[in-house]
Amino acid sequence: MSRAVGGRRREIRIRIAIEGARKVLRRLGSLLFLGRRGGWVWFPDAMEEDLEEAKTIILMGGDIGGTNSRFALFKVDVSDEIMARGPMDHPPFEIVYAKNYLNEDYSMFRDVMTEFFADAEHHSDFARTPHFHLTACCLAVAGPVDDGRANFTNRGWVIDSQDIKEWFGFEHVRVVNDFVASGYGILTLMETEVTVLQEGKYSQSAPIAVLGAGTGLGECFLAPNWSPYGSFYDAYPSEGGHVEFAPKTDIQFKCLQFLSEKFQGRVSVERIVSGKGLLNVYEFFKSEYPDEFNEGHDHKIINAVEAGAVIASLTYDYTLCAQTMEFVFEVYGTEAGSVALKFLPYGGLYIAGSLAPRNIERLTGQDSSFMKAAINKGRVSPALKNIPIKVVMCEDLGMRGSQLLSYRIFLESKPPAIQAQLPPVTDTLDTMANPDIPAIRKSDGYADGPYKEPHIALTLPPRHAMDITFVAEIAVASSIAASIALIIGFGARSLTRMDLAKGS
């Protein structure tokens, strides 16, 4: 496999290099040197042709889990009207190619991406996109990310944003934690993709909080931000799922003692509220109520790849499974209420992950153990009754978030066509560039959110602007020409060595 992957990798790199060189040479072709005047003339027709060609922008999103890697290439609309609207939650794009891969088939992450591009080249509309531009890529990774770098210790993979940028020719690459990507994915949801547990009193300028139980327990929050385009939400990471489990009932205290002995000390909420947590709690109930033990059901659970899913499926046939599910969802509700207290997310508290939508009947209704535990916060309970609480019914938030982030990364590299200006002293910050984004009130405390300095445009007389353009074009052309020479030289040496090895 390594030889085939290596060949495909070389093909992809050569095509990217040739594509970039061809664009620069076209621009050079639109410059005509007039020897008598000693000046350069720019041909508008050639420039417009080049700009039209640059409209084919290819972005990439990816969701890299412990078992599978999911990728998607998509084209975006970069018309002036669309660009002026800024970072929309539902940007207009067209999926060009998407495919999933099993991680265990590859020794390095780079090989997975190489295989993806090779497949895209031969089996999709991507192959029929002659003038493409790989602009931005965002990968959502299941694990901690430090300075754009993530390590998959159980697989030996290293996912580094700088390496991906250099190897595959992207202008911009960002690697983020998968649950941060899920937070951005929340912004893409339609009304039909959520189940409302509590209407509450929605505030369009308040924080949003997200927690979701799947393999683990992820948490993040979103806050309104300010940019040259206007206001929009940004997601921020959290390790809230690893806070200590705080029992409230006698049976919860017993479970804490059992798990403390099993894990030799500290017990986090994730040890209970997750797919693996279901198995932990089941083992507790199995030891606590031995008379309810069923050997046949137990064999299915212990030998299952996803024990949590089997436990859920046996809820109505096996008493210990029913007790496990009730216990876990009560603790889940308690943690959801705690998250609500910390962030006061009147923009919405979203329950994501795979556990909730697959067992939605355990969350709906004010009398469910989940909702009762979530709202039962003593004297501050009334405040929580005003928070909108919703369950996310789809399970592709990570991919959605990575695609949205790719689009935003692309926008960050472009100055806004229409800049949003800070208005005079009023209670509302106007967002002229995008009427769809929520307004932010200064009284809410989010007017001065962390973001880059507003874009400052430099206006020059036409002649000086042309001189600068000319210098920039020549510098780029020289750099590309040198790169082409190196590529050709390297290819020639490689072919010579191959011929010598064959004895030709």
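Cut-offs and rules
- Residues numbered from 1 in each chain as written.
- Predicted model: local features only at pLDDT ≥ 70, side-chain atom pairs only at ≥ 80, totals over all residues.
- Heavy atoms only, no water.
- pLDDT = per-residue confidence, 0-100.
- Contact = heavy atoms within 4.5 Å.
- Helix = DSSP H or I, 4+ residues; strand = E, 2+ residues; numbered from the N terminus.
- Buried < 20%, exposed > 50% of the residue type's maximum accessible area, 1.4 Å probe, protein only.
- Pairing = 2+ DSSP bridges.
- Core = buried A, V, L, I, M, F, W, Y, C linked by side-chain atoms within 4.5 Å.

By the naming in an unreviewed UniProt entry, the protein goes by Glucokinase and is assigned to Rhodosorus marinus.

Draft legend 1. The confidence of the model for the protein, seen in detail. Taken residue by residue, the protein gives an average pLDDT of 76. The fraction at 70 or more is 65%. Across residues 418-471, where pLDDT falls below 50, the model places 87 contacts with residues more than four positions away in sequence or in other chains. Below a pLDDT of 50 lies the segment residues 492-504, which in the model reaches one contact outside its immediate sequence neighbourhood of four places, other chains included.

Draft legend 2. Layout of the environment of Asp178. Looking at the element boundaries, Asp178 is found in helix H6 (residues 178-186). Between the C-alpha atoms of Asp178 and Leu397, which are 219 residues apart in sequence, the distance is 8.9 Å. The residues contacting Asp178, other than those within four sequence positions of it, are Asp63, Ala140, Val141, Ala142, Gly143 and Gly398.

Draft legend 3. Broad picture of the side chain of Ser182. If you trace the backbone, Ser182 turns up in helix H6. Note on Ser182: relative accessible area 10%, which makes it buried. In this structure Ser182 touches Leu397 and Gly398, once residues within four positions along its chain are discounted.

Draft legend 4. Here's a closer look at the pairing of strand S14 (residues 349-352). Burial along S14 is two-sided: the face carrying Leu349 and Ile351 and the face carrying Tyr350 and Ala352 are both buried. Sheet analysis places strand S11 (residues 208-213) next to S14, joined by four bridges and oriented parallel. The residue of S14 that forms the bridge with Val210 is Tyr350. Of the strand pairs in this sheet, S14 and strand S15 (residues 389-392) are connected by three bridges, and their pairing is parallel. If you follow Leu349 over to S15, its bridge partner there is Ile389.

Draft legend 5. Just the nonpolar core, in detail. By size, the foremost hydrophobic cluster in this structure holds 49 residues, and its most contacted members are Ile272, Ile301, Tyr332, Leu349, Ile351 and Phe370. Looking at this core, the element that brings in the most residues is helix H11 (residues 319-343), giving eleven residues. If we skip the residues at most four places from it in the chain, Tyr332 touches Leu211, Gly212, Ala213, Leu217, Val273, Ile351, Ala352, Leu355 and Phe370. Counting residues in hydrophobic clusters, the runner-up holds 33 residues, among them Ile57, Leu59, Phe74 and Phe410.

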